[in-house]
Structure formats: structure tokens, C-alpha cells
Amino acid sequence: MLKKLKELRALNAFAKKQSVGMQRKLMLYWLSMIMAVFALVILLLSVAGTSSREDDRLNQVLNIQMQNADDQLTGWLDHLTAQGLSMSKTLSREIETFLEEKGVALEQLNDRPELLLELQETLYAQVNTTLQTADCSGAYVVLDATTNTGADTAGHSRSGLYLRYATLSTTSPVDSSVTYFRGIPDVAWQKGLELHNRWNLEFDIDQIAGYADLVSGPVSRPADQYYWTARTRLKDTWESAMLLCVPVVGSNQTVYGVCGVEVSALYFQLSCPVALGQFGSTVTVLAPIQDNRLVLGQGLVGGVSGTYLEGQETFSIHQGRYFNTYLSESGQYIGLQTPIPISKGDTQGLQWAVAILLPQESYAAYNANVRQTWIIAALAFLLVLLAISFFLSRRFVRPIVRTLSQLQQGEAAEGTMLSGISEIDELAQFLSTRDQSLKLAQGELPPNIAEMFDHFAERKSTLTEAERNILRYYIEGHEIAEIPDLAFISMSTVRKHNRSIYEKMGVASRDELMLYIDLFRRCGRLQELL
């Protein structure tokens, strides 16, 4: 094994002493420069293309969240609707049985509070059962009758029951305590319920949009006439809610009243918390669309933690390639929306939609971080490649300069001047065998050296007049600092001409250019460059 290692070391030392062709070294140098340019292109593309790539990623995330929200809300509302229809069916049987037993019609319950109390006691169990089993914040039934037709409010006041959960919180959306919001207080006392702090004896049906139309005519099937109201303020409270309205229909298609469930704004907010993700906080919204505007004030808004959304805005909708932009006076959001059918009857002319909203500022901040990361990585890659290019350039030019210095100092003894470049080494060996004072004719040069000189001289024809003047100054021995005064141009112009000369003449630096000039002078061919 030790012998093998010695052989490998000797082989490596031998390889280091071998000359490498200038063409190969130039190829390696240009390859590194091409890679540096490639890194610069990657940098520019990363800056320009990051946004569209992130827009596409955001679109995929929003689509997933949109589908989840749509499935959740569709299933939730369908389940509530089914329970509302079931409650309507049960209540209609109980009301019809009660009316038959008492031998009265529904309208004969007006001004008879004792019968209305007895009927509410009968209906309480079903309303309470619906509240306990449904995923809602309240349940109610409104009878198309009033305790006092002579009252000033009799035209829009109706008897009924309205039960609501007493407390909603983030730790537990609901608790077991129920408050008595509307109805004859005797029922609350019998059931041990606390009256709501804004309790009223009867409903104000003006607060239930579409109520009058629903009870005015015969209804064959409640499943064809139910609807959800827009979000409405609960009278005398700070709370607001959407109400499911299902007609309570008798066997003769007479409408006894309306029943349903409530989803309050707070309950919806707790049930649909804000979704935290890499792009920011997204908010779930159930709201109507009118004239290409998303009206949050008439719908329900989920959790808004981490955003500046107030839940009362009206957004104008602007369609985009990857997502929509939602604009209002209070801010700008991006997101997606999809229609959702929530009613079969009166919808108040509203088209409902589920939307996912993300603050534009959050996404802009995320994009800025991503772009910064890409720029830093691309710059680091570019700097590494430029360093490699500089290193290779130095490694390529330095042996040439050293060999030139040795030639100028008369150190051309054979075997003492290996530069690592085959053409230069061959020329040095050739010059070392001749009298330095004797000018060499072109035919006396080795074939590959003569070819290299010919190609270099031919490239001189590609220079502009200004560039030939700069080259002439170099041939005459002037330094770069002297040229601006000689040519009456600025130093930056000189450097610009230098870069163009290097590129056209196929050299990497001024040192390499001066080497060629000196070689042409030594070989008696300097006139070809003038």
C-alpha cells in the first residue's frame, strides 16, 4: 500500500510539471465566467419570478382552505336546516293537536294569553331539544298570534319562544346554561330559566325579514320555503345573528308561524377561528354578494385575530389570475370565494358566497422575506463564481508575466522557465537558443506559435479607431494613467476601451496584452500591430 501511495505521489508531481495548452486554460477560464453570468441570470430571474411562483403557491393553499371552508359551512348549514325542518314538522303536529283539543283556530288565540301560555309550555320541549342538539347559538318559534291586539305594537308583535345560550367564550363556544330571550315569563319560571337582560314578551317580526310574506299564503312543503336571513341586530342588544326561517305548516297548508335556529356573529367567529399559515392569517366569511361587492355587514365573519378586519366592511371584488383582490376603505385583502346555496325560499335578493380573506400586507411581507432569501443565495453563488473566475484568471496570467520577466532579464536558460502553458514554454525554449539581439523572421517560428501570432494580429482588425489608438499607446510604452491626457478622454472611457480591446483581442488582462506586444516586438513583427 505504501508503495502505491508513493507511485501516486510521483505521478501527481510529474503531472504538475507538464505544460497545459493555452486553449485549455482559456476554456476553463471562460467556463467559469459563463457560470458567473449564469448565476447573475438566476439572480435576476429569482427577483422577477418569485412573485408569480409564490402567487401560484398561495393559490393552491387558498384553494385547499376554500374547499375546506365550503365543505364545513355547507355541511353545517345543511345540518341546521335539516334540524329546523324536523322541528317545524314536530311543532306543526303539536300546534295542530293543541288547536283541535281546544276547539279553536290559530287566529282565535289572539288576546287569550292563558291559551298562548299553555301552547308555549307545550312547544318548549321541542325548541329546547333543538337548541341542545343543533350546532347553533339559539332556537325559536314564532306563532302568528299576539296577546294584545289593541296594543300600539300589535301589528308587528307576535307571541312565541326564543331560547339562547347564556355565555359564549373562546374556551367553550357554548355552555349548558340557557337564557329566556322571548316568551311568556311563566314558562321561564316553571323551567328554572333566567330571563335574558333584554327579554321581551313577544317577537318584533319586523326584525325577521320575509316573515310577513312567509305566513301570508299557503305553503305545501316547508322544505321549499325555508331561508336564512341576512345578519340582523337582535333588538335591544349589541348582538347580531343570522336566522334560519322555516314555516310551521298545518295539514291544510295553513302557516301557523315560523321556527328555526340562530347563528350569532360571535358564535360563528368562535366556530370558524382564523387559520394561521405561512402567508398570514386567513379569515372565513359567509356573506352576500351584491353588484360584485362582498357585503360583510350582512353576513358572518369568522375569527379575525391577527388581521385588521372589523366585519362590517363592504369589499369591491377584482378578479385576478391566481386570486381575487378585495378592496375597501379600511384595507385590502386577497382571497377566493365560491357561491353557496343556503335558501330555498325568500333570500331577500341575495346571492351568498363563502370567502377566504388574507390581508394583503401579510402576503407582501411574506413575499419580501422570500425575495430577500433568494437574492442573498443568488448573490452568494455569484460571488463564489466570480472569485473562482478571478482565481483562474490570476493563475492563467501570472506564469505568463513571470516568464516574460525572465525573458527580459535574460534568464532564458533551457529547462528553467516552465510557465505551465505549452505555447509560452515552447516559445521560451525557442528564444533561449537564439541570440536575443537577432530579430526572428516569421518563418523561423514554430508552426503553432506562428499560428497564434497570426490569429492575434488578425483580431487587431476588429478594433475601432479609438481602440487602435489606445493599443498604439500601449505599444509605445505608455502606462494606463498617461492615456487620458494623451488621448484627451476620461479614465472611465479608457477602461471601457480596455475591456473592449481585451475581449476582441482574446486576452484576459492588460498584463497578458503587454506580453503579446513584447513577444511581437522580440519576433520583429510589431509593425503588424501598428
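This text goes with the structure placed above it.
These lines cover the structure that appears in this document, whether it is placed above or below. Here the residue numbering is sequential within each chain, running from 1 through the sequence in written order. With pLDDT at 70 or above as the cut-off, local features in this predicted model cover only qualifying residues; side-chain atom pairs require 80 or more to be listed or tallied, and sums for whole chains, interfaces and linings still use all residues. Only hydrogens and water are set aside when side-chain values are computed; all heavy atoms of the structure are taken into account.

**Considering empty space enclosed by the protein**
Point 1. Method remark: on a 1 Å grid restricted to protein atoms, a set of points is classed as a cavity if a 1.4 Å probe fits but cannot get out and as a pocket if it is open with protein on both sides within 12 Å along at least five of seven lines; lining residues have an atom within 4 Å of a point. Grid points are joined across faces, edges and corners, and a volume is the space filled by probe spheres set on the points. In this structure the tally under the stated criterion is 4 cavities of 30 Å³ or more.
Point 2. Counted as a void, the largest cavity has a volume near 140 Å³.
Point 3. As for the largest cavity, its lining consists of 13 residues, and the residues nearest its centre are Tyr162, Phe203, Gln207, Ile208 and Leu234.
Point 4. For the lining of the largest cavity, the secondary structure elements donating two or more residues are strand E4 (178-182), strand E6 (203-204) and strand E8 (232-233). Runs of H or I in DSSP of at least four residues are treated as helices and runs of E of at least two as strands, each being numbered from the N terminus.

**Re the pairing of strand E5 (residues 194-200)**
Every other side chain in a regular strand lies on the same face of the sheet, so the side chains alternate between the two faces.
Point 1. Two elements, E4 and E5, share 3 bridges in a ladder whose sense is parallel. Looking at the pairing, tyrosine 180 lines up with leucine 195 of E5.
Point 2. Following the chain from E4 across helix H4 (residues 185-191) to the adjacent parallel E5, one finds a crossover that is right-handed. Strands qualify as paired when DSSP identifies two bridges or more between them. Handedness of a crossover is defined as follows: with both strands directed away from the viewer, a clockwise route from the first strand across the helix to the second makes it right-handed.

**With respect to helix H13 (residues 510-522)**
Point 1. When the terminal C-alpha atoms of H13 are compared, their 18 Å separation across 13 residues agrees well with the 18 Å that a helix rising 1.5 Å per residue should span.
Point 2. For H13, the set of buried residues is Arg510, Glu512, Leu513, Leu515, Tyr516, Ile517, Asp518, Leu519 and Phe520.
Point 3. Following H13 by one or two positions, glycine 524 has its phi on the positive side, about 75°. For a helix, the expected span equals 1.5 Å multiplied by the residue count minus one. Exposure classes here rest on a 1.4 Å probe applied to the protein chains alone. A residue is buried below 20% of its type maximum, exposed above 50%, and partly exposed in between.

**Focus: the side chain of arginine 182**
Point 1. Residue position: arginine 182 is located in strand E4.
Point 2. Here arginine 182 occupies a buried position and makes no salt bridge, while the nearest side chain of opposite charge, aspartate 236, is found at 5.0 Å.
Point 3. By the criterion applied in these results, polar contacts are pairs of N or O atoms within 3.5 Å in which, for protein atoms, one can donate a hydrogen and the other can accept it, and in which residues neighboring in sequence qualify only through two side-chain atoms. Polar side-chain contacts of arginine 182 include one of 3.1 Å to the backbone oxygen of arginine 198.
Point 4. Dropping the residues within four chain positions of it, arginine 182 is found in contact with Gly160, Leu161, Tyr162, Arg198, Trp199, Asn200, Leu201, Glu202, Phe203 and Lys235. Just so you know, the count uses Lys and Arg for positive and Asp and Glu for negative, and it drops His and the chain ends. When a carboxyl oxygen of Asp or Glu is within 4 Å of a side-chain nitrogen of Lys or Arg, the pair counts as a salt bridge. We call two residues in contact whenever any of their non-hydrogen atoms come within 4.5 Å of each other.

**A few points about unusual backbone geometry**
Point 1. The phi dihedral of aspartate 291 is positive, around 55°, even though this residue is not glycine.
Point 2. Relative to the helices and strands, aspartate 291 resides in the loop between strand E12 (280-290) and strand E13 (293-295).
Point 3. You can call aspartate 291 exposed: its relative accessible area is 71%.

**Overview of the nonpolar core**
Point 1. As used here, the term nonpolar core means buried Ala, Val, Leu, Ile, Met, Phe, Trp, Tyr and Cys residues forming a set that is joined through side-chain atoms within 4.5 Å. In this structure, Leu109, Trp228 and Leu286 are the most contacted members of the largest nonpolar core, which totals 72 residues.
Point 2. The element that contributes the greatest number of residues to this core is helix H2 (residues 22-102), accounting for 13 residues.
Point 3. Not counting residues within four places of it along the chain, the set of residues in contact with leucine 109 comprises Phe98, Leu99, Val104, Leu115, Leu116, Leu119, Ala145 and Thr146.
Point 4. Formed by 26 residues, the second largest nonpolar core is a distinct cluster that contains Phe453, Ile475, Ile517 and Leu526.

**Let's talk about the packing of aromatic side chains**
Point 1. Aromatic contacts are taken between Phe, Tyr and Trp rings whose centres are within 6.5 Å, Trp giving its six-membered ring; a plane angle under 30 degrees counts as stacked, one over 60 as edge-to-face, and the others as tilted. Applying the stated criterion across every chain yields a total of 14 aromatic pairs.
Point 2. Note on tyrosine 162 and phenylalanine 181: the rings are 5.0 Å apart at their centroids and 85° apart in plane angle, and the pair reads as edge-to-face. A residue pair is termed long-range when its members are at least 10 positions apart, and tyrosine 162 in strand E3 (residues 160-165) and phenylalanine 181 in strand E4 qualify at 19 residues. Of the two residues, tyrosine 162 and phenylalanine 181, both sit in the buried class.
Point 3. With a centroid separation of 4.6 Å and 70° between ring planes, the pair formed by phenylalanine 279 and tyrosine 366 is classed as edge-to-face. Of the two residues, phenylalanine 279 is situated in the loop between strand E11 (275-277) and E12 and tyrosine 366 in helix H7 (residues 360-408); the sequence distance between them amounts to 87 residues.
Point 4. For phenylalanine 279, a relative accessible area of 5% corresponds to the buried category.
Point 5. Classification of tyrosine 366 by relative accessible area gives buried; the value is 13%.
Point 6. A network of ring pairs unites the aromatic residues Tyr140, Tyr162, Phe181 and Phe203 as a single cluster.
Point 7. Taking the ring centre of phenylalanine 181 as reference, the NZ or CZ of arginine 164 above it sits at 5.5 Å.
Point 8. For a Lys NZ or an Arg CZ to count as sitting over a ring, it must be within 6 Å of the ring centre and within 35 degrees of the ring normal. Over the ring of tyrosine 473 we find arginine 472; its NZ or CZ atom is 4.8 Å from the centre of that ring.

**Describing the environment of leucine 309**
Point 1. Within the secondary structure layout, leucine 309 lies in the loop between strand E14 (300-301) and strand E15 (314-318).
Point 2. Between the alpha carbons of leucine 309 and leucine 296 there is a distance of 10.0 Å; along the sequence they are 13 residues apart.
Point 3. Apart from residues lying up to four places away in sequence, leucine 309 is in contact with Val283, Leu296, Val301, Val304, Phe315, Tyr333 and Leu357.

**Topic: the packing of helix H10 (residues 465-475) against H13**
Point 1. A fitted line through C-alpha atoms represents every axis, and for helices the fit uses only the stretch in contact; the resulting angles, taken between N-to-C directions, go from 0 to 180 degrees. Running from N to C, H10 and H13 point in directions that differ by 65°, and their axes come no closer than 10 Å. For the element pair H10 / H13, the angle class is roughly perpendicular. Considering only the axes of H10 and H13, their crossing is right-handed. Residue-level inspection shows Leu471, Tyr474 and Ile475 of H10 in contact with H13, the latter providing Arg510, Leu513, Met514, Ile517 and Arg521.
Point 2. Residue polarity follows a fixed list, in which Ala, Val, Leu, Ile, Met, Phe, Trp, Tyr, Cys and Pro are nonpolar, Asp, Glu, Lys and Arg are charged, and the others, Gly among them, are polar. Along the lines of polarity and charge, the residues of the contact of H10 with H13 split into 6 nonpolar, no polar and 2 charged. Throughout, the term roughly parallel applies to angles under 35 degrees, roughly antiparallel to angles over 145, roughly perpendicular to angles from 65 to 115, and oblique to all others. Note on convention: the crossing is left-handed when the near helix lies turned anticlockwise from the far helix by less than a right angle, right-handed when the turn is clockwise.

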